[in-house]
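So the chains spell out like this:
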Amino acid sequence: MITALHLRQYEDLLNPIDIYSLLALTCCNTKAFGTCSKAFIKLESLDVLSEEDREAYELLALDIFTRYSARDRSVSDTGLSSWDMTGEVDGGETKLPVCIVTGRAITDFQFWMCGTCKHRAYEGEIDSYNYCPLCHSPM
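Please read all numbers here as calculations on a predicted model, not as lab measurements.

Draft legend 1. Molecular detail of the packing of aromatic side chains. A full pass over the atoms with the stated rule returns 3 aromatic pairs. Plain terms: the ring middles of phenylalanine 33 and tyrosine 68 are 4.5 Å apart, the flat faces sit at 10 degrees to each other, and that makes the pair stacked. Residue phenylalanine 33 is located in helix H3 (residues 33–45), and its partner tyrosine 68 is located in the loop between helix H4 (51–67) and helix H5 (75–78); the two are separated by 35 residues in the primary sequence. Between phenylalanine 40 and tyrosine 57, the aromatic rings sit 6.5 Å apart at their centres with planes inclined by 65 degrees, giving edge-to-face as the arrangement. On the criterion of sequence distance, the pair formed by phenylalanine 40 in helix H3 and tyrosine 57 in helix H4 is long-range, its members being 17 residues apart. Given the relative accessible area of 18%, tyrosine 57 is considered buried. Among the aromatic residues, those joined into a cluster by ring pairs are Phe40, Tyr57 and Phe65.

Draft legend 2. Geometry of the packing of H3 against H4. Where H3 contacts H4, the axes come no closer than 9 Å and their chain directions differ by 165 degrees. Relative to H4, the element H3 lies roughly antiparallel. Pair H3 / H4 crosses with left-handed handedness. Taken together, the residues of H4 that come into contact with H3 (itself represented by Phe33, Cys36, Ser37, Phe40, Leu43, Glu44 and Ser45) are Arg54, Tyr57, Glu58, Leu60, Ala61, Ile64 and Phe65. Considering only residue class, the contact of H3 with H4 consists of 9 nonpolar, 2 polar and 3 charged.

Draft legend 3. Summary view of the confidence of the model for the protein. Averaged over the protein, the pLDDT score is 82; the fraction of residues at 70 or greater is 84%. In the model of the protein, H5 stands out as the element of lowest mean pLDDT, 46, in contrast to strand E1 (residues 112–113), which has the highest, 93. Here residues 75–87 scores under 50 on pLDDT; set against residues more than four positions off or in separate chains, the count is 30 contacts.

Cut-offs and rules
Each chain has its residues counted from 1, running along the sequence as written. For a predicted model such as this one, the threshold for reporting local features is a pLDDT of at least 70, and the threshold for listing and counting side-chain atom pairs is 80 or more; totals across whole chains, interfaces and linings nevertheless cover every residue. Hydrogen atoms and water are omitted, and side-chain values are computed over all heavy atoms in the structure. Stacked, edge-to-face and tilted labels apply to pairs of Phe, Tyr and Trp rings (six-membered ring for Trp) whose centres lie within 6.5 Å, assigned for plane angles under 30 degrees, over 60, and everything in between, in that order. Per the convention used, a helix needs a DSSP run of H or I reaching at least four residues, while a strand needs a run of E reaching at least two, with both numbered from the N terminus. Each residue is placed in one exposure class: buried if its accessible area under a 1.4 Å probe, protein chains only, is under 20% of its type's maximum, exposed if it is over 50%, and partly exposed if it falls in between. Lines fitted to C-alpha atoms define the axes, with helix axes restricted to the stretch in contact, and inter-axis angles between N-to-C directions lie between 0 and 180 degrees. Under this scheme an angle from 65 to 115 degrees is roughly perpendicular, one under 35 degrees roughly parallel, and one over 145 degrees roughly antiparallel; angles in between are oblique. Crossing chirality is assigned from the near helix's rotation relative to the far helix, an anticlockwise turn below a right angle marking it left-handed and a clockwise turn marking it right-handed. By definition in these notes, contact holds between two residues if any of their heavy atoms fall within 4.5 Å. Charged residues are taken to be Asp, Glu, Lys and Arg, nonpolar residues to be Ala, Val, Leu, Ile, Met, Phe, Trp, Tyr, Cys and Pro, and polar residues to be all remaining types, Gly included. On a range of 0 to 100, pLDDT expresses the predictor's confidence in each residue.

Next comes the structure, spelled out in structure tokens:
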């Protein structure tokens, strides 16, 4: 689910339907129904969705949320930091960028940034690459 949440940072490169469908699926699987509900709301509001697909998502959401309330499990149940659809960590204190090589949150003040896609990586991790691992532009 955490990886699916990170995918939202790449809406410029990935299909938003794929991102939010995967997010809804993983959140449903981990019983994070509050975040799952937000993913369905985002899916249903996408302009690129056909009316038939929009109705299918609405019916699926109705089926899920008539059985389960749209609440995430508590932080103590999951053992994870609290995440929401804005990507903020621990109640909105900060939004950390993600290393495109390792997937870890970047907490250092010194990092590499791609000149093309503007995504970041730890300097020690990106040293062995000649191209950006995300957009494949030369370094």
